[in-house]
Amino acid sequence: MEDPRLRAEFHRAFDAVVPPAPWLAGSVRQGLRERGPAVPTRPALRTNWLAPAVALLLAIAIVATLIYVARSQAQRTIPVLPPRQGQGPDGCPQWITANSGGGSGQSSATMANASTGWFNGALRTTDGGTHWRDVSPPAMRADAPRGSGERPYPPGYVEFFLDSTHAWVARTYGSAATCFDHVSVFATSDGGLTWDESAPVIAAVQADTTMQMQLSFVDPLHGWLLMNAGGRLVADYFLYSSMDGGRHWKQDSQLKDLPPCSGLAFIPQTPGYLSCKSYASTPTLNVTRDGGKTWNSMRLPISAGSGYSVQSSVFFDQDRGVLWLSAQIYEGNSPRSSNFLIATTDGGRTWQQAGDFPQGYPMAVAFLDTNNFWALISEGKVAPALYQTNDGGKSWAVLTRDLPPWQFGSSRLLFIDQRTGFMFGPSQQLGQAPSTWLVTSDGGRMWKEVHPQVS
Amino acid sequence: MAVQPATLSLVQAAKQGDDSAFEALLEPLLQQAYRLAFVMLHDHHAAEDAVQEAALKAWRKVSQLREGSDMRPWFLSIVANQCRTARRSRWWSVLRTATPEGTSHPADDAVLEGLELRTALRGMAPDKRLVLVLHWYLDLPLDEVAGVIGTSAHAAESRLLRATNELKRRMEAHRGRP
């Protein structure tokens, strides 16, 4: 049964009077230390006539069961299949090597502070982006084919970086029978010095030749893994969750018949979001409020146009988030690209248009908090302009039109505070340094270009 | 760089007496537990005490937790039971009269807006209040609500439906008063 109005009423009624209790975890911890036993005790077994009788009956039952099973197995064998190993049949995705060609696709970086951060391919920097080191787990490459080169990346490789020391990478393994037999997730909590490999995650996806995955962690322990068959207009998505830092995973839910979905984002204390490309006239966002077990499709408040995509989304806490949405608006037969900023302050229950982008075409956007955004805007000139807003998109000011000449086509923007920001381009290949890396320490007026390299 | 194969899950570690593992399991649930306790007991201090006691009881009963089972309904059922115990002891030890909200000091709009629902909820039996809070405030799906109250999902849905209808009737009646 669902009654969104009643649910919202409950939240309004009690969020106003139940204060957050951030001290509670410490208080409970102290109480457990003071009053809890060191080892949970079990009640002593009573040694009267009943226990031996029960034990004897149990033993008889076990023996009888074993005899029955043995007789059944003589007639019918039920195989228990462990994860299978193998390179996979012909046509399976290949390893990404230096000779694979093509770009690395979407480029993403996570900077924990001005000096330490991560880039595609589990590259890590501790000097603000000049030098990068591949800290990916060696075990990930244990079955790399001969001649793959120095640092190949396995099929299905995905990654997620939480902070300066916690990161996860995942890959698929095939077998003789299938391209996608199971997934392994590797986790590090020391910046890539050591990695733990998860128990095999058996792939529920029926994929032909491409499986796509996304990883998202909200803290060192709680994370989600989303899998789907790739290269399709619509597909089923399978969501798995982990509560132990990625060492074990269980399947939570299945979302059926979705268009291409990216932007899996979970935030502490729920909700979680999955943004999907929509071919309908109204864009939607899939939201879960139970950690991924059930999902509702929410309509976003943009009504005109077709072919919506969520370009970027940031959720600052369980209540507040911002989306950058782009759409194709058809005027006659000609599509015109339009871009929208929409925001939520109630955990995604309702969304409002936050503001407008400056005139021109947004190429990259950075969201620091609900008020402070930066946008790289193409104004039809050689180089784009960098704008900033301090009021959530209602008004914008130009910071600079004097950026160093480079290819801005696939650039990304990232700000970690009001003053420190990064602008970078994609790498040529997974595991290679970003093509360009610019740093600002004055909020975006002046930028310094460094020449990143992998050592 | 060493690669260590995965060994113990948090649940296994907690069952073997690893209090850090138990705390890691419990911590994500504490805020919801606190909200549940507050709504059931209407008192911040009592809510904190109930969550503390429930955490201690959960620690002592962690050996009963099955591998792969959901921690949240298991722990919230302990919290709900603790609230029940707290209510009974308070009933006998302290004579309480219902303290009307909104009469002690001026409250802001957000607090006043929810007064009708909170008042209606307080007038309902605790077991009905529990299912309403679990589903509509803590956003638990029906199977988890069933896990907390110890029934089937079908029975939980029936109980929730009856409680929701009663809540709405109470709120309508409250609106009708001058």
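Everything that follows concerns the structure shown earlier in this document.
Attention here is on the structure that accompanies the text. Keep in mind that what you see is a predicted model, and the values were worked out from it rather than measured.

### Let's talk about unusual backbone geometry
Then, number 1: For Ala122 of chain A, which is not a glycine, the phi torsion comes out positive at approximately 55 degrees.
Then, number 2: Locating Ala122 of chain A in the fold gives a position in the loop between strand S2 (117-119) and strand S3 (123-125).
Then, number 3: With a phi close to 60 degrees, His42 of chain B is a non-glycine residue in the positive phi region.
Then, number 4: When you line up the elements, His42 of chain B lands in the loop between helix H3 (30-41) and helix H4 (44-60).
Then, number 5: Here His42 of chain B falls in the partly exposed class, since its relative accessible area comes to 29%.

### Side note on the nonpolar core
Then, number 1: Judged by nonpolar contacts, the single largest core of 73 residues is most densely connected at Phe10 and Phe14 of chain A together with Phe75 and Leu134 of chain B.
Then, number 2: In this view, Phe10 of chain A contacts Asp15 of chain A together with Leu117, Leu121, Leu132, Val133, Trp136, Tyr137 and Leu167 of chain B; residues no more than four positions away in its chain are not counted.
Then, number 3: Counting residues in hydrophobic clusters, the runner-up holds 24 residues, among them Ala122, Leu123, Tyr173 and Val450 of chain A.

### What about the side chain of Thr116 of chain A?
Residue and element names in this part refer to chain A.
Then, number 1: Following the sequence through the fold, Thr116 ends up in the loop between strand S1 (109-111) and S2.
Then, number 2: Thr116 gets classed as buried once you look at its relative accessible area, which sits at 11%.
Then, number 3: Residues within four places of Thr116 in sequence aside, it is in contact with Met111, Arg124, Thr125, Thr126 and Ser164.

### A look at empty space enclosed by the protein
Then, number 1: One pass over the structure, following the stated rule, counts 1 cavity of 30 Å³ or more.
Then, number 2: Taken as a whole, the largest cavity spans an internal volume of roughly 60 Å³.
Then, number 3: If you go around the largest cavity, the residues you meet are Ala25, Val28, Arg29 and Leu32 of chain A together with Glu23, Leu26, Glu27 and Leu30 of chain B.
Then, number 4: When contributions to the lining of the largest cavity are tallied by element, the ones reaching two or more residues are helix H2 (24-35) of chain A together with helix H2 (19-26) of chain B.
Then, number 5: The element contributing the most residues to the lining of the largest cavity is H2 of chain A, with 4 residues.
Then, number 6: Classifying every residue of the lining of the largest cavity gives 5 nonpolar, no polar and 3 charged.

### Some thoughts on a nonpolar patch on the surface
Then, number 1: A surface patch of nonpolar side chains, amounting to about 330 Å² of accessible area, comprises Leu56, Leu57 and Ile60 of chain A.
Then, number 2: Residue Ile60 of chain A is classed as exposed on the basis of its relative accessible area, which comes to 52%.

### Re the pattern of salt bridges
Then, number 1: Here the structure, examined in full by the defined rule, presents 12 salt bridges over all chains.
Then, number 2: We note a salt bridge from Lys168 of chain B to Asp3 of chain A, for which the minimum N-O separation is 2.8 Å. Of this pair, Lys168 of chain B sits in helix H10 (residues 153-176) while Asp3 of chain A sits in the segment before helix H1 (4-15), placing the two residues on different chains.
Then, number 3: Exposure remark for Lys168 of chain B: the relative accessible area of 36% places this residue in the partly exposed category.
Then, number 4: In this structure, Asp252 of chain A and Lys250 of chain A form a salt bridge, with 2.9 Å as the shortest nitrogen-oxygen distance.
Then, number 5: For Lys250 of chain A, a relative accessible area of 33% corresponds to the partly exposed category.
Then, number 6: Three or more residues are tied together by salt bridges with common partners; here these are Arg7 and Arg349 of chain A together with Asp139 of chain B.

The rules we used
- Residues numbered from 1 in each chain as written.
- Chains lettered and ligands numbered in written order.
- Predicted model: local features only at pLDDT ≥ 70, side-chain atom pairs only at ≥ 80, totals over all residues.
- Heavy atoms only, no water.
- Helix = DSSP H or I, 4+ residues; strand = E, 2+ residues; numbered from the N terminus.
- Buried < 20%, exposed > 50% of the residue type's maximum accessible area, 1.4 Å probe, protein only.
- Core = buried A, V, L, I, M, F, W, Y, C linked by side-chain atoms within 4.5 Å.
- Contact = heavy atoms within 4.5 Å.
- 1 Å grid on protein atoms, 1.4 Å probe; cavity = no way out; pocket = protein on both sides within 12 Å on 5 of 7 lines; lining within 4 Å.
- Points joined across faces, edges and corners; volume = space filled by probe spheres on them.
- Nonpolar A, V, L, I, M, F, W, Y, C, P; charged D, E, K, R; others polar.
- Patch = residues over 30% accessible without salt bridge, like charges linked within 9 Å, V, L, I, M, F, W, Y side chains within 5 Å.
- Areas by Shrake-Rupley, 256 points an atom, 1.4 Å probe, with all protein chains shown as cover.
- Salt bridge = Lys/Arg side-chain N within 4 Å of Asp/Glu carboxyl O.

Nothing here speaks to function; it is geometry throughout.
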